[in-house]
Structures are given as C-alpha cells and as structure tokens.
Amino acid sequence: MTAVQLPGNPVIEAGQLVSTSPATGAEAGRLPVASELDVRQAVERAREAGVWWAGLGFTGRRERLLRWRALLAKRIEQLAELVHAEGGKPVADAIVEIVTAIEHVDWAARNAGRVLGPRRVRSRLILAEFSGHLEYQPYGVVGVIGPWNYPVFTPIGSVAYALAAGNAVVLKPSEYTPAVGQWLVDSFAEVVGEQPVFTAVHGLGDVGAALCRSGVNKLAFTGSTATARKVMAACAETLTPVLIEAGGKDAMIVDSDADLDAAAEACVWGGMTNAGQTCIGIERVYAVDPIFDAFVDKVVARAGRLTVGPEGADIGPITMPSQVDVIRRHIDDAVSSGGRAVLGGPGAVQPPYVHPTVLVDVPEDSAAVREETFGPTLTINRVRDADEAVTRANALPYGLGGSVFGRRRAVAIARRLRSGMASVNSTLTFAGMSTLPFGGVGDSGFGRIHGEDGLREFGRAKAITRRRARSLLPSMTFERTPTDVDRLVKAVKMMYGR
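A. Geometry of the pairing of strand β11 (residues 250-254). The buried fraction of β11 is high, at five of five residues. The alternating pattern of β11 places Asp250, Met252 and Val254 on one face and Ala251 and Ile253 on the opposite face, and all of these are buried. Here β11 pairs with strand β12 (residues 282-288) via five bridges, running parallel. Opposite Ala251, over in β12, you have Arg284 as the bridge partner. One crossover worth recording links β11 to the parallel β12 by way of helix α9 (residues 260-272), and it is right-handed. Note: β11 against strand β18 (residues 402-405), four bridges, orientation parallel. Bridging from a neighbouring strand, Met252 pairs with Ser403 of β18.

B. Expanded view of the sheet that holds strand β19 (residues 423-424). One open sheet holds the seven strands; their spatial order is β13-β16-β17-β12-β11-β18-β19, and the pairing between them is mixed. The open sheet has two edge strands, β13 (340-343) and β19, and neither has a second partner. The sheet strands contacting α9 are β11, β12, β16 (357-360), β17 (377-383) and β18, and the helix crosses β11 at an angle near 170 degrees.

C. Molecular detail of the pattern of salt bridges. Under the definition given, this model contains 31 salt bridges. Here Glu457 ties to Lys218 by a salt bridge, and the two come within 3.0 Å at their closest N and O atoms. Of the two residues, Glu457 sits in the loop between α16 (451-456) and β21 (459-467) while Lys218 sits in strand β9 (residues 218-222), which places them 239 residues apart along the sequence. Residue Lys218 is classed as buried on the basis of its relative accessible area, which comes to 4%. The salt bridge involving Asp387 is made with Arg416; its shortest N-O contact spans 2.8 Å. Placement of the pair is Asp387 in helix α13 (residues 386-393) and Arg416 in helix α14 (residues 410-416), with a sequence separation of 29 residues. Residue classification places Arg416 among the partly exposed residues on the basis of a relative accessible area of 42%.

Conventions used here
- Residues numbered from 1 in each chain as written.
- Predicted model: local features only at pLDDT ≥ 70, side-chain atom pairs only at ≥ 80, totals over all residues.
- Heavy atoms only, no water.
- Buried < 20%, exposed > 50% of the residue type's maximum accessible area, 1.4 Å probe, protein only.
- Helix = DSSP H or I, 4+ residues; strand = E, 2+ residues; numbered from the N terminus.
- Pairing = 2+ DSSP bridges.
- Right-handed = clockwise from strand over helix to strand, strands pointing away.
- Contact = heavy atoms within 4.5 Å.
- Axes fitted to C-alpha atoms, helices over the stretch in contact; angles between N-to-C directions.
- Salt bridge = Lys/Arg side-chain N within 4 Å of Asp/Glu carboxyl O.

All we've got here are geometric facts, nothing functional implied.
Written out as structure tokens, the structure reads:
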C-alpha cells in the first residue's frame, strides 16, 4: 500500500482491513484480513453447518429466512446509514436498495420449496412402466464475491437464494464495503445462531482468489468483466461451477411515439442514480431523429437540477477513487473526438465527486460509448429509426440490461435487444421484480439470480426413475427377444413415423 491514501481506498493496518468514507475519509469499519488458511477453514466450517441447514428442510429454512427478513426491515435505517457512511451513497438510495433486497429474501424463502422440492415428471410411452421424479439438491457451500456499488442488494441476490436452496454461504464482500457485508452476516447470526451457515471473509483480491480455490461447491461473482475472467480461470482449476454477473454498457432507445417527459425522467434516474455506479445503469441513449432535440432538452433540464455532495444530495461521491480517472478519460475522449457536452463536461470531474454530464454526437468508436464508465454521465446519439438504434445497442459485447421508450413498437424492440433483461417505459425495474431472473449475456456474464431460475441456479437437478410395472416394450435389457425388438420398431413407427 502507498503511504498516501485517498479517502475511500481500503487500507490494511496490523492485519486489519480498514474501510473509510470516500467523501470524508472517516473510518467506517475495521475487519480482520483472512489468510488462505482462514478461507479454507471458513469453508470447512460452512460445509458442516450446511449439512445441518439442509436438514432443516424448506419449511425450517423458510421460517428462519423470514425472521432475518423481519430483522432487516426493522433495522433498515441503521443499515442505510452504514451503506452511506462506507460507500457514500445517499441514504435515500440506500433505503431503496435495502427495500429491494428485503423483497428478494422474502420471495426466495417463500418459493424455494415449490420451485426446488421433489415432484413427479410425466413419462412417455416408450418408458411408460417407469415414473419420473425431479428435485433440486443443494450444492453444499456457495462462495459469493460481492461488489461495492450495491453492497446489500447484489450479494443478497445470491446469498438469499443460495440459503433458501439449502446451501451454506461464505461471502467475500468488496474491500470497499466490508463493514456492510459483515453487518449482513452478523444480523443473520442473530436469527440463526446454531451453526455458521452464513459467514464472511475479508481482504483484497487475493482473498477472493483463495475463496475460488477453497473447495466451495459453486461460486457466484459480481464485478468487472476483467476480474470475472480471472475468477473463472481460478475456478476452472477444480471445475468449480460459477455464476458470473459482469460489466454492462446498457442502452436506452427512445422511439418517435415515446412519452418524452417520462423517458427523460427515467433516463436521468437510470443513468445517474448511485452516481451512475450501476451495472444495469443507462450509459448510452439512442433517440430517433424526430424527437431527438426535444428529448435532449428535457434530459438536460432534469439532470441539471440534481444536487451533488456528501449529505442530503441526489448524487454522492464516486466510491472507488480510481474510477474518477476512468470517468475523466471517457469525458475527455468524447469531447476531443467531436462530441459535445450539453451539460457538465471535463469540468464536472471534481474528486471525489462527478457532476451530471450529458454528451451528444459522440462517435460510436469512442471510449465513452464502448467502455463501461460507471459515473453520472450519459451519451445521447441521434438515429434514423428504431432499427438503427437496435443495431447500435447490440454492437457491443456487453449484454446485461436495457430500456425502450415508446408505444406501438416498444415491446417488439425490447425483444430484439441482445440483453438478459429489458424494461419498457421504465429503467432498472427488472432488478426489483423478484419473480424475474437477473443476468446477462456475452461479456456481461451468464447464469441467473432472482426468480425461479435464480433458485435453480443454487441447486443440482437430481433425476430419479422408478419402475412401477412390467415392461410392455422391454428394450433396456439383454433379456429382450427379437419379437420385443420388432414390437418396439412398430410402436416407434406408429408414434413418430407420421
């Protein structure tokens, strides 16, 4: 570590990971750094605890998870203040994040038995003498590597669903928000104190790497695409399955029949909430020519009213100090390559803050369009029609979320986006809907959290067949006769040969 530390950068002192506010530098938490041995031992303790947890069954786990949900709800203000103190996020935004996380805990707890529990599966004529049975069994121990931008909502999207499926969980929170991660673990221990079912290990990237190699049965990662590749490589050494939610460069398309006031309001929220530090945040906008100028004016008017600062503002600091340089580079590149700043611009970067910036006429090959910015900036470009907008939106390797505003064609346009999720006449709303799966394609990762698919992600499908009668068309036996084979051929021709 360097001798001079920027506020918000993690520091290791005497074996402790020290977390500070990116706005003030005030200490927010101090947690012990885990060694490689510590990580392996945490996983082994979790493995034993997981056997007990799985043995509670869906009913027992549901009761305990709902008690945790109630505790989170009762202490929502306390947790929101910690999120604000450690990451700089405005308290109101933190509350919205926690409310959404609580909804996911509730849904996962209530629906795990229905989605994952044993059920009969219909057989077909060729094997009519057998009954089919399917269930989803827990992996054992799931490792979760969480991000700093949504330190409650994003980890819980994996943690709650993995716990509901019967797994124990070892969480490695981001080194920028370790105190929030530990708060989640400690609150869970208040309602499930019998065994270390949900624990945390703290440290820098080497601790995350140790978790990948620790013997966990599955690993869920949220972070940058570059780090995702390293996580996959480490897990590949032991064929540990992974769930990856990586970067995004989500686009919004505004069609000619859109409600421009609603589109502008949602665009500013989708692009600048949490200071733009949102994986599914809107970073690119494509507005069709007839409404382009009016739409830009409305976005600038709304974004220009946003306040920036440490307390009570709409936009807080950039949580990770190094990200300020990325944001500055993208704005400078956009302007130097021919784009125009109609709000903000290079002068908007005032560490640790970045003021709202809206850029237009930015070349499609610029960094501001092609790379994840993670700041309160928007590029808005003019297109001939929705077809051109879709082509541009799908031109990048990312494919997390997206948004479409319009009436007649909006849903059809949303279906054409190469993304795991899309919102029509709104932004980011798919993240809060616990019944829908969440995840991306391409460089944005694979696998799903949330919804039924999210529950199945944390259970192994176990198929069982059971003989219930004598075989009328014996085939899978050396005892079959030529007559049996003839009858089998005739049956197949009768069933499938027409």
